[in-house]
Amino acid sequence: MARLLRAATWGLFPWRGYCSQKAKGELCRDFVEALKAVVGGSHVSTATVVREQHGRDESVHRCEPPDAVVWPQNVEQVSRLAALCYRQGVPIIPFGTGTGLEGGVCAVQGGVCINLTHMDRILELNLEDFSVVVEPGVTRKALNLHLRDSGLWFPVARGKGPPVLRLPSPVRRAPDPGADASLCGMAATGASGTNAVRYGTMRDNVLNLEVVLPDGRLLHTAGQGRHFRKSAAGYNLTGLFVGSEGTLGLITATTLRLHPVPEAIVAATCAFPSVQAAVDSTVHILQAAVPVARIEFLDEVMMDACNRYSKLNCSVAPTLFLEFHGSQQALEEQLQRTEEIVQQNGASDFSWAKAAEERSQLWTARHNAWYAALAMRPGCKGYSTDVCVPISRLPEILVQTKEDLNASGLTGSIVGHVGDGNFHCILLVNPDDAEELGRVKAFAEQLGRRALALHGTCTGEHGIGLGKRQLLREEVGAVGVETMRQLKAVLDPQGLMNPGKVL
């Protein structure tokens, strides 16, 4: 009962400990020295610029910097840091690559940001068991590069397909939300992406997690070293931590399911006379049991932006990008059936790309849709919100959302992983214009509630973070939220793990 009472008071009182007499942003010297004693002086920073870099992600939520940033080098240091903060009542904010879209790294109560990117080892690769164990600093690009000669790959990634033999030269650019996220961060947010319709989301591909609990204890959610495909043993602790957004503990290693690289790959595009026709085609393709690997929707606004940004020459119309994986014979059958379906829905300009270079150009354009959208209104911020509905309700919500967007006067576009019923609205907003920002947030809330009314969810992959806490309550109900609070209170009785998020 005492724990539940403490949980009920989260956010009502400032945290206390070494710094109880200090203002936010000022950690006591003794506490900073204690942090340095754990990780070394060069791996602790209280510099304003560093703290501000760690107090924001790719969302429109304002920067909320932590009081200090630390870079542990191994799980033992993470455990000691957590225990130190726990004893002193100091909030802990896990940090991966900072590509989140719901303010998940904002330090709303100050505290210590634990940047896990220096822990970047691939700890174990089991080729025969199709599994791998990685630390938080390993990104999906780094993992697939490591796997390039193994015949295996990890498919959960936004905008990218299976590896090809000739890798493109790296191009340095600003971070794209989800473009090269930390794999442990992806587990923490329950991420997915363009391949989820065929290979599933992170929830389907995480086999085990190593988690440092708030008090420093080490938990292996499926048992230490285990990487089985299924189990009926006890509660699903792995599932509890996937999607927990850093509010229950620090994920220091994840065991992932790997998949064979397909024998052959073909990508295709087709334009439609309306949003309704494009989305109807998506539903019909899935109902026909065509094993499509990716099926992405881009409205005419996004297609125009992608043409300009990525130098494409596609029709400016609602468009589907598709990809098929399998044997040569299977792909011919899939392409033929898909072409029949889309033509019945009025599709035009149906074309396919078999060469790796052609596929790369197509999916790079889709991958860069965020940049293409930002280029429509230079100097503005992008606000990306997502929802997910049952496939049968997808045509209804997409058509209505398009009408709402046209009527709103906002600058924005629609793009999505429609094979899962998941789509995004990318809205462009001047963050200094309070009235416009208010209209953007109102649009996002209306979209979330429309998805809930259609038996969907307010977020398919971005997470709850700061921005969707009320929608979560509406989605799961009072009993659901209270059950989550009780679980949180047991694992984090002081409410120190990433406070202010989710609940």
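Look a little higher up for the structure.
What comes next concerns the included structure. The shown structure was predicted, so the numbers you read here are calculated from the model rather than taken from an experiment.

The next thing to look at is the overall build of the protein chain. Within the protein chain one finds 17 helices and 18 strands. The C-alpha radius of gyration computed for the protein chain amounts to 23 Å, which stays within 12% of the reference 23 Å derived for 503 residues, consistent with globular compactness. Oriented by its inertia axes, the alpha-carbon framework of the protein chain measures out at about 70 × 55 × 45 Å. With 503 residues in all, the protein chain has 55% of them scored as buried. When the accessible surface of the protein chain is split by element, carbon and sulfur atoms take 50% of a total near 21,300 Å². Here the protein chain contributes 49 positively and 51 negatively charged side chains, and the mean placements of these two sets differ by 6 Å.

Looking now at unusual backbone geometry. Trans peptide bonds make up the majority, and among non-glycine residues the majority have a negative phi. The phi dihedral of Phe130 falls on the positive side, at around 55°, and the residue is not glycine. Of note, Phe130 is situated in the loop between strand 5 (122-126) and strand 6 (131-134). In this model, Asp349 sits at a positive phi of 55°, which is unusual for a non-glycine residue. Counting through the fold element by element, Asp349 comes out in strand 15 (residues 348-353).

The full count for this structure, using the stated rule, is 18 salt bridges. For Arg294, the salt bridge is made with Glu323, and the minimal N-O distance between the two is 3.1 Å. Of this pair, Arg294 sits in strand 13 (residues 292-298) while Glu323 sits in strand 14 (residues 319-326), and the two are 29 residues apart along the sequence. By the burial criterion, Arg294 is buried, and Glu323 matches it. Notably, a salt bridge pairs Asp304 with Arg308, separated by 3.2 Å at the nearest N-O pair.

With that out of the way, let us pick up the sheet that holds strand 3 (residues 92-95). The four strands lie next to each other as 1-2-4-3, forming an open sheet whose pairing is mixed. Bordering the open sheet on either side are strand 1 (44-45) and strand 3, each of which pairs with just one other strand. Of the strand pairs in this sheet, strand 1 and strand 2 (residues 68-70) are connected by two bridges, and their pairing is antiparallel. Residue pairing for strand 2: Val44 is matched across the bridge by Val70.

A regular strand places its side chains so that they alternate between the two faces of the sheet. Neither face of strand 6 is exposed, since Ser131 and Val133 on one face and Val132 and Val134 on the opposite face are all buried. The hairpin formed by strand 5 and strand 6 contains four residues between the paired strands, and Phe130 there has a positive phi angle of roughly 55°.

Interhelical geometry of helix 16 (residues 434-453) versus helix 17 (residues 469-491) gives an angle of 10° and a closest axis separation of 11 Å. In terms of their interaxial angle, helix 16 and helix 17 are classed as roughly parallel. In terms of crossing hand, the pair formed by helix 16 and helix 17 is right-handed. Residue-level inspection shows Glu445, Gly448, Arg449 and Leu452 of helix 16 in contact with helix 17, the latter providing Gln470, Leu471, Glu474 and Glu475. Considering only residue class, the contact of helix 16 with helix 17 consists of two nonpolar, two polar and four charged.

In this section: the environment of Gly111. As for its position among the elements, Gly111 is in the loop between strand 3 and strand 4 (112-115). For the pair formed by Gly111 and Phe350, sequence separation is 239 residues and the distance between their alpha carbons is 54 Å.

The sheet built from five strands is open, its strands ordered 5-6-10-8-9 with antiparallel pairing. At either end of the open sheet lies a strand with only one pairing partner, and these are strand 5 and strand 9 (218-220). In this sheet, adjacent strand axes meet at a mean angle of 10° when their direction is disregarded. Both strand 5 and strand 6 contribute to a ladder of four bridges, which runs antiparallel. When the bridges of strand 6 are listed, Ile122 appears paired with Val134. With respect to the sheet, helix 4 (residues 75-88) is in contact with strand 8 (206-212), strand 9 and strand 10 (250-257), its orientation differing from that of strand 8 by roughly 50°.

Moving on, we get to the packing of aromatic side chains. Per the stated rule, a full pass over the model turns up four aromatic pairs. Look at Phe321 and Trp363: their rings are 6.0 Å apart centre to centre, the planes differ by 85°, and that puts the pair in the edge-to-face class. Linking Phe321 in strand 14 with Trp363 in helix 13 (residues 356-367), this pair joins segments that are 42 residues apart in sequence. In this structure, Phe321 and Trp363 share a single accessibility class: buried. In this arrangement the basic side chain of Arg294 is found over the ring face of Trp363, its NZ or CZ atom lying 3.8 Å from the centre.

Parameters and conventions
- Chains are numbered independently. Their residues run from 1 in the order of the written sequence.
- Predicted model: local features are reported for residues with pLDDT of at least 70 only, side-chain atom pairs are reported and counted for 80 or more only, and whole-chain, interface and lining totals are derived from all residues.
- In computing side-chain properties, one takes all heavy atoms of the structure into account and sets aside hydrogens as well as water.
- Each helix is a run of H or I in the DSSP string that is no shorter than four residues. Each strand is a run of E no shorter than two, and both are numbered from the N terminus.
- The globule rule used here is 2.2 Å times the number of residues to the 0.38 power, and the radius of gyration it is set against is calculated over C-alpha atoms.
- Three exposure classes are used, based on accessible area relative to the maximum for each residue type with a 1.4 Å probe and protein chains only: buried under 20%, partly exposed in between, and exposed over 50%.
- Areas reported here follow the Shrake-Rupley algorithm with a probe of radius 1.4 Å; residue values treat only the protein chains shown as occluding.
- Under the convention used here, Asp and Glu are negative, Lys and Arg are positive, and both His and the chain ends fall outside the count.
- Charge positions are represented by NZ for Lys, CZ for Arg, CG for Asp and CD for Glu.
- Salt bridge, as used here, is a side-chain nitrogen of Lys or Arg placed within 4 Å of a carboxyl oxygen of Asp or Glu.
- At least two bridges found by DSSP between two strands are what make those strands a pair.
- Between the N-to-C directions of two axes lies an angle of 0 to 180 degrees, each axis being a line fitted to C-alpha atoms and, for a helix, fitted only over the stretch in contact.
- For classification, angles of less than 35 degrees are called roughly parallel, those exceeding 145 degrees roughly antiparallel, those between 65 and 115 degrees roughly perpendicular, and all remaining angles oblique.
- Each helix crossing is assigned a hand: it is left-handed if the near helix lies turned anticlockwise from the far helix by less than a right angle, otherwise right-handed if that turn is clockwise.
- We call two residues contacting when some pair of their heavy atoms lies within 4.5 Å.
- For this classification, Asp, Glu, Lys and Arg are treated as charged, while Ala, Val, Leu, Ile, Met, Phe, Trp, Tyr, Cys and Pro are nonpolar and the rest, including Gly, are polar.
- Note on aromatic contacts: the rings of Phe and Tyr and the six-membered ring of Trp form a pair at centre separations within 6.5 Å, being stacked when their planes are under 30 degrees apart, edge-to-face when over 60 apart, and tilted otherwise.
- The criterion is that NZ of a Lys, or CZ of an Arg, lies within 6 Å of the ring centre and within 35 degrees of the ring normal, and then a charge sits over that ring.

In short, shape yes, function no, at least from these values alone.
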